[in-house]
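Below are the chains, spelled out letter by letter.
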Amino acid sequence: MGAFFVIFVVMAMSKERLKEELPIMEFFYTIQGEGYHSGRAAFFIRIAGCDVGCAWCDVKESWDAGAHELKSISYLIEQVKNVNASFCVITGGEPCMYDLSTLTAALKNENIELAIETSGCYELKGKIDWYCFSPKKFKKPVENAYSLADELKVIISHPSDFEWAESHAKKVNSTCKLYLQTEWSKQERFLPLIIEYVKNNPKWKISTQTHKHMNIP
Ligand code: SF4
C-alpha cells in the first residue's frame, strides 16, 4: 500500500469528523515497556494510518487507516475511565497525521496525563504532557518536533545510526532525554554496540522493549 493511498484515505475522512472520531487500530491498558516512562501503567490508544514506511515497522497493520474502525472520542474516554487509567499514551501508526485537539482536551478534562509517540513528520495538533520523538530515516521530521521533544528515541538498526542519532541530539533542547533502542529483530547484533556506545557517551540511555520480554502488549 503506497503513501498516496494512506493520505487519500485520511483526507477522505472529513476534518470535522476526524476531530470527533478517529480510526483506531487498538486500545489496551498495559505497562509502558520502553523509553522514559518505561514501567508505568499506561492506557495505549493506537491510531491507525501511517505513511512513513519504516522497513522494520512492527505494526504494519496500522498503516492503512481505512482498514480500521472509526471510534468516537467519547467512546475512547469511557474505555480509559473504565480501567481507572491515569496515564495515556497516544501512538500509532503516526498519530500526528490527525487533529488530536478534541481527543487530548477530552483526556485532559479527565485529568489524564498524556504522552504521544511520534515520528515528528507532522505538526502536533493537540496538547500533551510528554512528546516522545522518534525520527525515522524514511520521512523527514517537521522542524518544531525538535523543540517539542521531551524524549528523543532513536532506533538503531545499522552502525551508521549512531552518527544519525547524534545529528538529531544536536537539535533538541538540553532537557530532552536521549534514548537509543535497538531494532527488536537485530537486538543480538546491536545491543552490545549500544551498551558500549552509552558507556562512552553517557548523555544517552538505553531503551529496551521490556514489554516484549514480559510478553505483554
Ligand atoms: S512511523 Fe511507526 S508506525 Fe509508521 S512505519 Fe515507522 S515504525 Fe511503523
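Residues numbered from 1 in each chain as written. Predicted model: local features only at pLDDT ≥ 70, side-chain atom pairs only at ≥ 80, totals over all residues. Heavy atoms only, no water.

Visitor: Could you give an account of the overall build of the chain, with specific residues and numbers?
Guide: For the chain, the helix and strand inventory stands at eight helices and nine strands. For 217 residues, the compact-globule estimate of 2.2 N^0.38 gives 17 Å, and the C-alpha radius of gyration of the chain, at 17 Å, lies within 12% of that figure. For the chain, the spread of C-alpha atoms along the three principal axes comes to 50 × 40 × 35 Å. Residue pairs in contact within the chain that sit at least 24 positions apart in sequence constitute 64% of those at least 6 positions apart. Approximately 10600 Å² of the chain is accessible, and the part contributed by carbon and sulfur atoms is 53%. Looking at the chain, you have 25 positive and 27 negative side-chain charges, and the mean spots of the two groups are 4 Å apart. (Helix = DSSP H or I, 4+ residues; strand = E, 2+ residues; numbered from the N terminus. Rg over C-alpha atoms; globule rule 2.2 N^0.38 Å. Contact = heavy atoms within 4.5 Å. Areas by Shrake-Rupley, 256 points an atom, 1.4 Å probe, with all protein chains shown as cover. Lys, Arg positive; Asp, Glu negative; His and termini not counted. Charge placed at Lys NZ, Arg CZ, Asp CG, Glu CD.)

Visitor: Any details on the packing of aromatic side chains? Residues and values, ideally.
Guide: Enumeration according to the criterion identifies seven aromatic pairs in this entry. Seen from their ring centres, Tyr36 and Trp130 are 4.4 Å apart, and the 20° between their planes marks the pair as stacked. With Tyr36 in the loop between strand 1 (21-31) and strand 2 (41-47) and Trp130 in strand 6 (residues 130-133), this residue pair connects regions lying 94 residues apart in the sequence. For Trp130, a relative accessible area of 13% puts it in the buried group. An angle of 85° between the planes, with centres 5.1 Å apart, marks the rings of Phe133 and Tyr146 as edge-to-face. Pair noted here: Phe133 is in strand 6 and Tyr146 is in helix 5 (residues 144-148), with a separation of 13 residues, a long-range link. Exposure remark for Phe133: the relative accessible area of 0% places this residue in the buried category. (Phe/Tyr/Trp six-rings, centres within 6.5 Å; stacked < 30°, edge-to-face > 60°. Buried < 20%, exposed > 50% of the residue type's maximum accessible area, 1.4 Å probe, protein only.)

Visitor: Pulling in residues and values, what's your account of the nonpolar core?
Guide: Ranked by size, the top nonpolar core spans 45 residues in total, and within it Ile47, Leu100, Leu103, Leu107, Leu152, Leu180 and Trp204 carry the most contacts. With sequence-adjacent residues up to four places away left out, Leu103 is seen in contact with Leu22, Ile47, Ile73, Leu76 and Ile90. Core analysis: the second largest hydrophobic core is formed by eight residues, Phe28, Ala42, Val89 and Ala115 among them. (Core = buried A, V, L, I, M, F, W, Y, C linked by side-chain atoms within 4.5 Å.)

Visitor: Which residues make up the environment of Cys96, and what are the values?
Guide: Relative to the assigned elements, Cys96 resides in the loop between strand 4 (87-92) and helix 4 (101-109). Cys96 sits twelve residues away from Asn84 along the chain, and the two C-alpha atoms are 25 Å apart. The residues touching Cys96, leaving out its near neighbours within four places in the chain, are Ile116, Thr118, Tyr122, Glu123, Leu124 and Lys125.

Visitor: Tell me about helix 6 (residues 161-169), and please be specific about residues and values.
Guide: Listed in full, the buried residues belonging to helix 6 are Asp161, Phe162, Ala165, Glu166, His168 and Ala169. Taken around the axis of helix 6, the buried residues stretch over an arc of 160°, which confines them to a single face. Taken together, the buried residues of helix 6 touch helix 5, strand 7 (151-156), strand 8 (177-182), helix 7 (187-200) and strand 9 (204-206). (Arc of directions from axis to C-beta.)

Visitor: I'd love a proper account of helix 3 (residues 73-82), names of residues and values included.
Guide: Two residues of an α-helix separated by three or four positions point the same way, owing to the 3.6 residues in each turn. Within the sequence span of helix 3, burial applies to Ile73, Leu76, Ile77, Gln79 and Val80. Mapping the buried residues of helix 3 onto a view down its axis gives an arc of 160°, with all of them on the same face. In helix 3, the exposed positions that point more than 90 degrees away from the buried face belong to Ser74 and Asn82. Trailing helix 3 by a residue or two, Asn84 shows a phi angle of about 60°, which is positive.

Visitor: Give me the lowdown on the state of the cysteines, citing residues and values where you can.
Guide: Taken as a whole and judged by the stated rule, the model has zero disulfides. Here Cys176 stays free of any disulfide, with the sulfur of Cys132 as its closest cysteine sulfur at 8.7 Å. (Disulfide = S-S within 2.5 Å.)

Visitor: Lay out the pattern of salt bridges in plain terms, naming residues and giving numbers.
Guide: All chains considered together, the criterion is met by 13 salt bridges. Of the charged contacts, one joins Glu34 and Lys153 as a salt bridge, the two residues approaching to 2.6 Å between their closest N and O atoms. Here Glu34 is found in the loop between strand 1 and strand 2, whereas its partner Lys153 is found in strand 7, with 119 residues between them in sequence. As far as the burial class goes, Glu34 and Lys153 line up, both buried. Taking the shortest distance from any N to any O, the salt bridge between Lys171 and Glu143 comes out at 3.5 Å. Of this pair, Lys171 sits in the loop between helix 6 and strand 8 while Glu143 sits in the loop between strand 6 and helix 5, placing them 28 residues apart in sequence. (Salt bridge = Lys/Arg side-chain N within 4 Å of Asp/Glu carboxyl O.)

Visitor: Could you give an account of the pairing of strand 1, with specific residues and numbers?
Guide: For strand 1 and strand 3 (residues 70-72), the ladder comprises three bridges, and the chain directions are antiparallel. Counted as the bridge partner of Pro23 is Leu70 from strand 3. Here strand 1 pairs with strand 2 via seven bridges, running antiparallel. Bridge pairing links Thr30 to Ala42 in strand 2. (Pairing = 2+ DSSP bridges.)

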